[in-house]
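# What the coordinates show
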Amino acid sequence: MKVKDVMNPDVVFCKPENTVREAAKILKENNISGAPVLEDGKLVGIVSEADLLELLVIPEKGNLWLPSPFEIIEVPIRELLSWEETKKMLSDVGSTKLEEMMTKSVHTISSEASVEEASELMVRHRINRLPVIENGYVVGIVTRGDIIEGLAKL
């Protein structure tokens, strides 16, 4: 069985200039967990729910800090500043452009490749979808679910 037998030719995609907010809306409205990022039909990246969720991770504060008696007065001020920085960071996330945060190194596959090859790529690289490329253009997308569905029809 070949990739072309199980792939979805109706590719839902995002554009590099889309914001995180717009991408999240596209994923939700289409009930998908990721999408290729295309510019003039050519693949320039990929974005997934995991990529979007990573933007919400608050950086670690580092090593344990034990204040001196003089620093105890500063602790509430430091914590307040940290909270303000966190609030600002979270409010800015939605307006981030995909070109700033998308995965640019994307694994792809040909429509003539076997589903075994696609499965092996997905497992080896721990990915859930592969854009299908022909002559430099995205002609489809194949997901783990597409492959399982195809195998079930055998």
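For the structure itself, consult the block above.
Everything numeric in this text was worked out from a predicted model, so none of it was measured.

### Details of the overall build of the protein chain
From N to C terminus, the protein chain includes seven helices and four strands. In sequence order, the secondary structure elements of the protein chain are arranged as α-α-β-β-α-α-α-α-β-β-α. Taking contacts inside the protein chain between residues at least 6 apart in sequence as the whole, the part at least 24 apart equals 58%. Roughly 10200 Å² of accessible area belongs to the protein chain as shown, and the carbon and sulfur atoms make up 56% of that amount.

### Describing the layout of surface pockets
Size it by volume and the largest pocket reaches roughly 260 Å³. Forming the boundary of the largest pocket are 13 residues, of which Ile46, Ser48, Arg126, Ile127 and Arg129 lie nearest the centre. Counting residues per element, the ones that place at least two in the lining of the largest pocket are β2 (42–48) and α3 (49–54). With three residues, α3 is the largest single contributor of residues to the lining of the largest pocket. A class-by-class count of the residues in the lining of the largest pocket yields four nonpolar, five polar and four charged.

### Let's talk about the side chain of asparagine 18
Residue placement: asparagine 18 occurs in the loop between α1 (3–6) and α2 (20–29). Every residue in contact with asparagine 18, bar those within four places of it in the chain, is listed here: Ile26, Thr96, Lys97 and Leu98.

### Remarks on the pattern of salt bridges
In the structure shown here, the tally under the stated rule is five salt bridges. Between glutamate 112 and lysine 4 there is a salt bridge, with its nearest N and O atoms 2.9 Å apart. In this pair, glutamate 112 is assigned in the loop between α5 (98–101) and α6 (115–125) and lysine 4 in helix α1, connecting sequence segments 108 residues apart. Among the charged side chains, a salt-bridge network with shared partners connects Lys2, Lys4 and Glu112.

### Structural notes on α2
Residues Val20, Ala23, Ile26 and Leu27 constitute the buried set of α2. End-on, the buried residues of α2 take up no more than an arc of 120°, which puts them together on one face. Exposed residues on α2 whose side chains face more than 90 degrees from its buried face are Arg21, Lys25, Lys28 and Glu29. Following α2 by one or two positions, asparagine 31 has its phi on the positive side, about 55°.

### Quick word on helix α7 (residues 144–152)
Three- or four-residue spacings in an α-helix give side chains the same orientation, since the helix completes a turn every 3.6 residues. Taken together, the buried positions of α7 are Asp146, Ile147 and Gly150. Buried residues along α7 cover an arc of 95° about the axis, so they all sit on one side. What points out from α7, more than 90 degrees from its buried face, is the exposed set Ile148 and Ala152. For α7, the elements touching its buried residues are α1, α6 and β4 (137–143).

### Describing the side chain of arginine 129
With respect to the helices and strands, the residue arginine 129 is situated in strand β3 (residues 129–134). Although arginine 129 is buried, it forms no salt bridge, and the closest oppositely charged side chain is glutamate 49 at an N-O distance of 6.5 Å. Beyond its immediate sequence surroundings of up to four residues, arginine 129 is in contact with Ser33, Gly34, Ala35, Ile46, Ser48, Met122, Ile141, Val142 and Thr143.

Cut-offs and rules
All residue numbers here refer to positions counted from 1 along the written sequence of the relevant chain. Given that this is a predicted model, residues contribute local features only at a pLDDT of at least 70 and side-chain atom pairs are listed and counted only at 80 or more, while totals for whole chains, interfaces and linings are drawn from all residues. Hydrogens and water are ignored here; the side-chain numbers use all heavy atoms of the structure. Comment: elements are numbered from the N terminus, with helices defined as DSSP H or I runs of at least four residues and strands as E runs of at least two. By the convention used here, residues are in contact when the closest approach between their heavy atoms is within 4.5 Å. Accessible areas in this description were obtained via Shrake-Rupley with a 1.4 Å probe; residue shielding takes into account the shown protein chains only. A 1.4 Å probe that fits into a set of points on a 1 Å grid over the protein atoms alone but cannot get out defines a cavity; an open set with protein on both sides within 12 Å along at least five of seven lines defines a pocket, and lining residues are those with an atom within 4 Å of a point. Grid points are joined across faces, edges and corners, and a volume is the space filled by probe spheres set on the points. Each residue gets one label: Ala, Val, Leu, Ile, Met, Phe, Trp, Tyr, Cys and Pro are nonpolar, Asp, Glu, Lys and Arg are charged, and the others, such as Gly, are polar. A side-chain nitrogen of Lys or Arg and a carboxyl oxygen of Asp or Glu constitute a salt bridge if their distance falls within 4 Å. Between buried and exposed lies partly exposed: a residue is buried under 20% and exposed over 50% of the maximum accessible area for its type, with that area taken using a 1.4 Å probe on protein chains only. Note that the arc is computed from the directions linking the helix axis to the C-beta atoms. Here the positive residues are Lys and Arg and the negative ones are Asp and Glu; neither His nor the chain ends is included.

Bear in mind that shape data such as this cannot, by itself, settle questions of function.
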